[in-house]
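# Architecture at a glance
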Amino acid sequence: MKYSPEALMAFVEAVYSGSFSAAARRLRKSQSTVSTAIANLEVDLGVTLFDRSARNPVLTEQGKRVLIYAEAILAASDRLDELAVSLGSETEPRLTFVLSDTLHPDMLAVLLAEFDKRFPHTEFECLIGEDEDVIDLLQKGRAHLGLMQARESYPAEIGSNRLPVQSHMGIYAAAGHPLAVRETIQWEELRTWRELRLSTYLENPGLPAPGPVWSAPNYLLLLSLAEQGFGWCKLPCALVTEFAHHHALVPLNVPGWPAAISIDLAWNKRSPPGIAGNWLRTHLQQMTLPARPLA
């Protein structure tokens, strides 16, 4: 039997999206196209993959077993595509990389220095983005690779690797802010003060803010707003160490913070990176975090 990659991708995406309509949006196809692809796959396999009696399709026991193999087939196909690009292409003349402020600045400095040695004739373009903006830039072909705070799942066309290092996020306020003199602050009290919150350009319907909010699309701008005393915010600790003015920000003692976060490197499977991009992926997987104190 032969199964189309489109049908397998529609099936896997429907599982992780929770519905055919959500899968269609993430694949940028019509719902009828996704439904038909999954129905054809069921006919080809001779099994029922979803129980459609509920409002949203529920994976059957047979579907759970098929999912394991479908994911393995798609992963192998992705690796073959990447190998073909690596073997058959020349070094790309330009590489666009979306940088997250969660990456330790020292890691970026080492990465760029090594990239310059190996690919002196490749134009390197660095964009700043977080979360949904990174995915959108990759999907549109505006960028080749992007770093972002790790998440559990991605759109079907987005590949990702978890970096072997973690970053740390802390909660900060200006030294002159009333919260700065508190020994311990509970979340309930913190939320009565204005939060400076990360908000990407693309709409991301998350949980509504429990209190007053100002927002900005990147952490560096949030840092500046926090220094001016406009509110408290979550910031990468290394970013504060590197860019905050001396003693301008104070880490707030909130239970559970600072918190360690994982970082993912993402790319578009439909246009995988070339020689320079693959080198960057491999190098990031091997890098270690410099030992520096948290802010």
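Our subject is the structure that appears above.
Below, the structure is looked at part by part. Values in this document were obtained by computation on a predicted structure and should not be read as measured data. (Residues numbered from 1 in each chain as written. Predicted model: local features only at pLDDT ≥ 70, side-chain atom pairs only at ≥ 80, totals over all residues. Heavy atoms only, no water.)

### With respect to the overall build of the protein
Within the protein, the regular secondary structure consists of 10 helices and 11 strands. Structurally, the protein occupies a C-alpha span of about 70 × 50 × 30 Å along its principal axes. Counting the 295 residues in the protein, one finds 44% classified as buried. Long-range contacts, defined as pairs at least 24 residues apart, comprise 71% of the intrachain contacts of the protein with a sequence gap of at least 6. Carbon and sulfur atoms make up 54% of the accessible area of the protein, which totals about 15600 Å². (Helix = DSSP H or I, 4+ residues; strand = E, 2+ residues; numbered from the N terminus. Buried < 20%, exposed > 50% of the residue type's maximum accessible area, 1.4 Å probe, protein only. Contact = heavy atoms within 4.5 Å. Areas by Shrake-Rupley, 256 points an atom, 1.4 Å probe, with all protein chains shown as cover.)

### Focus on helix 1 (residues 5-17)
For helix 1, spanning 13 residues, the distance from its first C-alpha to its last is 18 Å, which sits close to the expected 18 Å at 1.5 Å a residue. Among all positions of helix 1, only Ala 7, Leu 8, Ala 10, Phe 11, Val 12, Glu 13 and Ala 14 are buried. Just downstream of helix 1 lies Gly 18, where phi reads positive at about 95 degrees. (Expected span 1.5 Å × (residues − 1).)

### Focus on the pairing of strand 4 (residues 123-128)
Looking at chain direction, strand 3 (residues 94-99) and strand 4 are connected through six bridges and run parallel. Each bridged residue has a counterpart across the sheet, and for Leu 95 the counterpart in strand 4 is Phe 124. For the handedness criterion, the β-α-β arrangement of strand 3, helix 5 (residues 105-118) and strand 4 is classed as right-handed. (Pairing = 2+ DSSP bridges. Right-handed = clockwise from strand over helix to strand, strands pointing away.)

### Quick notes on the packing of helix 2 (residues 20-27) against helix 3 (residues 31-45)
Two elements in contact, helix 2 and helix 3, have axes whose closest approach is 8 Å; the angle formed by their N-to-C orientations is 110 degrees. Classed by the angle they form, the pair helix 2 and helix 3 counts as roughly perpendicular. Judged by the sense of rotation from one axis to the other, the crossing of helix 2 with helix 3 is right-handed. Of the residues in helix 3, those in contact with Phe 20, Ser 21, Ala 23, Ala 24 and Leu 27 of helix 2 are Gln 31, Val 34, Ser 35 and Ile 38. Across the contact of helix 2 with helix 3, the residue classes tally to six nonpolar, three polar and no charged. (Axes fitted to C-alpha atoms, helices over the stretch in contact; angles between N-to-C directions. Parallel < 35°, antiparallel > 145°, perpendicular 65-115°, else oblique. Left-handed = near helix turned anticlockwise from the far one by under 90°. Nonpolar A, V, L, I, M, F, W, Y, C, P; charged D, E, K, R; others polar.)

### Some details on the packing of aromatic side chains
Scanning the entire structure with this criterion turns up 10 aromatic pairs. Pairing Phe 20 with Phe 50 gives two aromatic rings, centres 5.4 Å apart and planes at 80 degrees, and the pair type is edge-to-face. Residue Phe 20 is located in helix 2, and its partner Phe 50 is located in strand 1 (residues 50-51); the two are separated by 30 residues in the primary sequence. Since its relative accessible area comes to 11%, Phe 20 is described here as buried. For Arg 194, the ring lying beneath its charged end belongs to Trp 214, and the centroid distance is 4.0 Å. Looking at Arg 281, its charged tip hangs above the ring of Trp 267, at a distance of 3.8 Å from the centre. (Phe/Tyr/Trp six-rings, centres within 6.5 Å; stacked < 30°, edge-to-face > 60°. Lys NZ or Arg CZ within 6 Å of the ring centre and 35° of its normal.)

### Digging into the pattern of salt bridges
Tallied over the entire structure, the rule returns 13 salt bridges. The salt bridge involving Glu 42 is made with Arg 52; its shortest N-O contact spans 2.9 Å. Remark: Arg 52 occurs in the loop between strand 1 and strand 2 (58-59) and Glu 42 occurs in helix 3; sequence separation between them is 10 residues. When its relative accessible area of 40% is taken as the criterion, Arg 52 is described as partly exposed. Across the salt bridge formed by Arg 182 and Glu 189, the nearest N and O atoms sit 2.3 Å from each other. Overlapping salt bridges, with partners in common, bring together Arg 94, Glu 123, Glu 125 and Arg 142 in one network. (Salt bridge = Lys/Arg side-chain N within 4 Å of Asp/Glu carboxyl O.)

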